[in-house]
Amino acid sequence: MGSWRCGASPQYSRRAGRGIRYQGEVGVGTAFGVGSNAYDRFVLETVHGVRIGPRLFVGLGVAWNYYSARGDMPDDSFREYTDGGRSFVPIFADMKIYFLDRRISPYLKVDIGYGIHKHGGIYTAPAVGVKFGLGSVLALNIDFGFQVQQQTAPDTSSGLGGIVLRAGLSF
């Protein structure tokens, strides 16, 4: 009978996705702003954690979200709204549930954390995606979801929402 411990025997480790093992991820994407604060953004992130069996991943991540004003939103108003800063740095917990124990598997993920900025706040990013296995450990991940970065100031709180398309590698 198999074990769920780190450092399992070589024979046990050869069974893809079994046990507990390290998993790292890097990703890049874009978010199209929606709502009253519709600012597009470039997304770069890395997540590191553990894969528990073939269907669960939990980890901690950090991202860099660089915001830009749309054509109908003057650059000056964006600077005023974000108090001069264009970047948020979310630090978050990440959880993924893979639906299949196969090379190609749909998954559901959620990131929850805090975006660091002068007026930072709660960060959430639920998504659905597909993992395409490229080898015994390497995989291409493509997901589609929603990202909300709360922005707090002494008098107000608002959210920067966006529809996100992201691609990355897990290893």
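Going by the structure above, here's the rest.
Predicted model only: the values in this text are computed from it and were never measured. (Residues numbered from 1 in each chain as written. Predicted model: local features only at pLDDT ≥ 70, side-chain atom pairs only at ≥ 80, totals over all residues. Heavy atoms only, no water.)

**Student:** What is the right way to read the nonpolar core from this model?
**Tutor:** What tends to happen in soluble globular proteins is that the nonpolar side chains get buried as a cluster. Formed by V47, F57, A63, F92, Y98, Y107, Y123 and A125, the largest nonpolar core amounts to eight residues. Of all the secondary structure elements, the ones that give two or more residues to this core are strand 3 (56-68), strand 4 (87-98) and strand 6 (121-133). (Core = buried A, V, L, I, M, F, W, Y, C linked by side-chain atoms within 4.5 Å. Buried < 20%, exposed > 50% of the residue type's maximum accessible area, 1.4 Å probe, protein only. Helix = DSSP H or I, 4+ residues; strand = E, 2+ residues; numbered from the N terminus.)

**Student:** Help me understand the side chain of K109, please; the structure alone is not making it clear to me.
**Tutor:** Here K109 lies in strand 5 (residues 104-116). The residues touching K109, leaving out its near neighbours within four places in the chain, are E45, D94, M95, K96, A125, P126, A127, D143 and R166. (Contact = heavy atoms within 4.5 Å.)

**Student:** What should I look at first to understand the environment of R103 in this one?
**Tutor:** Tracing the sequence through the fold places R103 in the loop between strand 4 and strand 5. Judged by its relative accessible area of 52%, R103 is exposed. Separated by 34 residues in the primary sequence, R103 and V137 have C-alpha atoms spaced 9.9 Å apart. Not counting the four nearest positions on each side in its chain, R103 is found in contact with K131, F132, G133, L134 and G135.

**Student:** What's the story with the packing of aromatic side chains in this structure? I'm lost.
**Tutor:** The geometry of an aromatic ring pair is captured by two quantities: the separation of the ring centres and the angle between the planes. A full pass over the atoms with the stated rule returns six aromatic pairs. Geometrically, the ring pair formed by F42 and W64 is edge-to-face, given 6.0 Å between the ring centres and 70° between the ring planes. Linking F42 in strand 2 (residues 40-52) with W64 in strand 3, this pair joins segments that are 22 residues apart in sequence. Using a relative accessible area of 36% as the deciding quantity, one classes F42 as partly exposed. Cluster of aromatic residues (ring-pair linked, three or more members): F42, W64 and Y66. Cation over ring: K131 sits above Y98, and NZ or CZ is 5.8 Å from the ring centre. (Phe/Tyr/Trp six-rings, centres within 6.5 Å; stacked < 30°, edge-to-face > 60°. Lys NZ or Arg CZ within 6 Å of the ring centre and 35° of its normal.)

**Student:** Would you mind showing me how to read the pattern of salt bridges here?
**Tutor:** It is possible for side chains of opposite charge to pair when their charged atoms get near one another. One pass over the full model with this rule turns up seven salt bridges. Here K96 makes a salt bridge to E25, at a shortest N to O gap of 2.7 Å. On the criterion of sequence distance, the pair formed by K96 in strand 4 and E25 in strand 1 (residues 20-34) is long-range, its members being 71 residues apart. Neither residue differs from the other here; K96 and E25 are each classed as buried. Ionic pairing is found between K109 and D94, a salt bridge with its closest N-O pair at 3.5 Å. Of the two residues, K109 is situated in strand 5 and D94 in strand 4; the sequence distance between them amounts to 15 residues. (Salt bridge = Lys/Arg side-chain N within 4 Å of Asp/Glu carboxyl O.)

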